[in-house]
Amino acid sequence: MRSYTLLRNTYGVDTRNSGATNLTQGDEWINDFHRKLLSLADWPFLHRKRIITSVAPSSTFTAVAATDLCTAATAIVIETGIEVTVSSGTTLPAGLSASTRYFMIYQSSTTFQLATTYANALAGTEIDITDAGTGTHTVTLAVHDNLQPLPYDIDLVESVTVVSGSTRYVPVPAPSKKFWDELHYTSYNSDTPQYWWVENGRIGLWPRHTTAGEVIIIFGKLRVPELNIADYTTGNIDIVTNGSLEVTGAGSPGWTTPMVGRWLRVTHSNTAASSGDHEWYEIVAVESATVLTLGRPYGGRTLATGAAAAYIIGQMPLLPEAYQNLPEIYGAMRYWIKESDAARVKDFRDLLTTGVSDLFKAYSINDTSLIVDDGEEDFIINPNLTVQL
């Protein structure tokens, strides 16, 4: 596979110019073509399953006057700006009133502060809570705030499955915004969803889910990311077991949640105790700063405690492995167009044309639209469907 760092280095070699200015320009061309190529068809390799969990429509909570922090008994906090009301069996915390609209300031799925306005919530200006109140307090989401953020890399939702206990439900998309809004004239909660709706990068179910923490499976088309993250090699691999999904690091690797979606390769070497299989595995979770979860079981030999194996975590194009070099080839072609070197332009254009043609053939895209090309464009559209004028 070809990580962003490898593509960037190869671009420097192909253009015979590894200067910072040229590499930055290469980044732009590489990303432009990556996005363009992936937009040309409904590629089967762009579809993924992602999982989020349901939040409760209401929850009991406690408040701490010293920090103005509220803690809910179940997951209820979706994001900053969600409208809520509060109530109490006895006396609310001082600073809060029943039947008053407040807006959450997100701290975690169960902790939050409250603001008097949406603008104050976005600014992080919380209400001053001066005592914890007495009795049992309840926070309730507003009827219309029935949406939660989509997974960060989902661009288009195609289907939704909700797992409630031992039952799987498959709600259908609401046919229109008007229909969705009409469903929310009154509050209705149930763990049997009938419809889903996506709006501004957020998804909602109707009826609103009653139980927090239930699995919502989203199948959708991935958003094309910007390729800009250098290979990461801090620390080493301490333990990885054949057939296991878990990888343990040592030497302060400092792994973080943004590494989800990148790829790990344990380096092959001549030292048996620290030699990986040199294959790439997608990272699907970061459990801690020293533990990763892979998308498929590790296939190499087991490395025991103290292996100290070298590794790379790289950001990859969304293209299949055999075609991940196409954005770099396009970048090199653009460079030689700028330099008016017709021979090198032809060489890279030929490589690009062949590669794109092979990509369409290999993945059997059902796309019969005819594209008329005047031959002057600097990027390659589906060559099988192009007529030269």
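Structure's up top.
A brief report on the enclosed structure follows. (Residues numbered from 1 in each chain as written. Predicted model: local features only at pLDDT ≥ 70, side-chain atom pairs only at ≥ 80, totals over all residues. Heavy atoms only, no water.)

## Description of helix 2 (residues 20-38)
Moving on, step 1. Taking 1.5 Å of rise per residue, the 19 residues of helix 2 would be expected to cover 27 Å, and the 27 Å separating its terminal C-alpha atoms lies within 8% of that figure.
Moving on, step 2. Where the residues of helix 2 are buried, they touch helix 1 (4-14), helix 5 (326-338) and helix 6 (342-362). (Helix = DSSP H or I, 4+ residues; strand = E, 2+ residues; numbered from the N terminus. Expected span 1.5 Å × (residues − 1). Contact = heavy atoms within 4.5 Å.)

## Re the packing of helix 2 against helix 5
Moving on, step 1. Contact pair helix 2 / helix 5: the axes reach a minimum separation of 8 Å and the direction vectors enclose 125 degrees. Compared by their axis directions, helix 2 and helix 5 come out oblique. Like other packed secondary-structure pairs, helix 2 and helix 5 cross with a definite hand, here right-handed. Residues Asn22, Trp29, Ile30, Phe33, His34 and Leu37 of helix 2 form the contact with helix 5, whose own contacting residues are Leu326, Pro327, Glu328, Tyr330, Gly331, Arg334, Tyr335 and Lys338.
Moving on, step 2. Looking at the contact of helix 2 with helix 5 residue by residue, the classes come out as eight nonpolar, three polar and three charged. (Axes fitted to C-alpha atoms, helices over the stretch in contact; angles between N-to-C directions. Parallel < 35°, antiparallel > 145°, perpendicular 65-115°, else oblique. Left-handed = near helix turned anticlockwise from the far one by under 90°. Nonpolar A, V, L, I, M, F, W, Y, C, P; charged D, E, K, R; others polar.)

## With respect to the pattern of salt bridges
Moving on, step 1. In total, this model carries 12 salt bridges according to the counting rule given.
Moving on, step 2. Of the charged contacts in the structure, one is a salt bridge between Lys177 and Asp181, with a shortest N-O distance of 2.7 Å. Note that Lys177 and Asp181 are positioned in helix 4 (residues 177-183) at a spacing of four residues, about one turn of the helix.
Moving on, step 3. Taking relative accessible area as the criterion, Asp181 reaches 36% and is therefore assigned partly exposed.
Moving on, step 4. As a salt-bridge pair, Asp341 and Arg344 come within 2.7 Å of each other at their nearest N and O atoms. (Salt bridge = Lys/Arg side-chain N within 4 Å of Asp/Glu carboxyl O. Buried < 20%, exposed > 50% of the residue type's maximum accessible area, 1.4 Å probe, protein only.)

## Description of the side chain of Ser54
Moving on, step 1. Residue position: Ser54 is located in the loop between strand 1 (47-53) and strand 2 (58-64).
Moving on, step 2. According to the relative accessible area criterion, Ser54 is buried, its value standing at 2%.

## With respect to the pairing of strand 16 (residues 246-250)
Moving on, step 1. Pairing of strand 15 (residues 236-240) with strand 16 involves four bridges; the strand directions are antiparallel. From the neighbouring strand, Ile239 faces strand 16, where its bridge partner is Thr248.
Moving on, step 2. Between strand 15 and strand 16, which follow one another and run antiparallel, lie five residues, and Gly243 among them has a positive phi close to 85 degrees.
Moving on, step 3. Note that strand 16 and strand 19 (residues 291-294) share three bridges and pair antiparallel. In the strand pairing of strand 19, Val247 is matched with Leu292. (Pairing = 2+ DSSP bridges.)

## Re the packing of aromatic side chains
Moving on, step 1. A full pass over the atoms with the stated rule returns 14 aromatic pairs.
Moving on, step 2. Between the aromatic rings of Tyr323 and Tyr363, the centroid separation amounts to 6.4 Å while the plane-to-plane angle is 75 degrees, which identifies the pairing as edge-to-face. On the criterion of sequence distance, the pair formed by Tyr323 in the loop between strand 20 (311-314) and helix 5 and Tyr363 in the loop between helix 6 and strand 21 (371-373) is long-range, its members being 40 residues apart.
Moving on, step 3. Grouped by ring-pair contacts, the aromatic residues Trp43, Phe45, Tyr323, Phe360 and Tyr363 constitute a single cluster.
Moving on, step 4. Over the ring of Trp336 we find Arg344, and its NZ or CZ is 4.6 Å from the ring centre. (Phe/Tyr/Trp six-rings, centres within 6.5 Å; stacked < 30°, edge-to-face > 60°. Lys NZ or Arg CZ within 6 Å of the ring centre and 35° of its normal.)

## Describing the packing of helix 1 against helix 5
Moving on, step 1. Running from amino to carboxyl end, helix 1 crosses helix 5 at an angle of 30 degrees, the nearest separation of the two axes being 9 Å. When the axes of helix 1 and helix 5 are compared, the pair comes out roughly parallel. Handedness of the helix 1/helix 5 crossing: right-handed. Where helix 1 abuts helix 5, its residues Leu7, Thr10, Tyr11 and Asp14 lie against Glu328, Gly331, Ala332, Tyr335 and Trp336.
Moving on, step 2. Residues that form the contact of helix 1 with helix 5 fall into these classes: five nonpolar, two polar and two charged.

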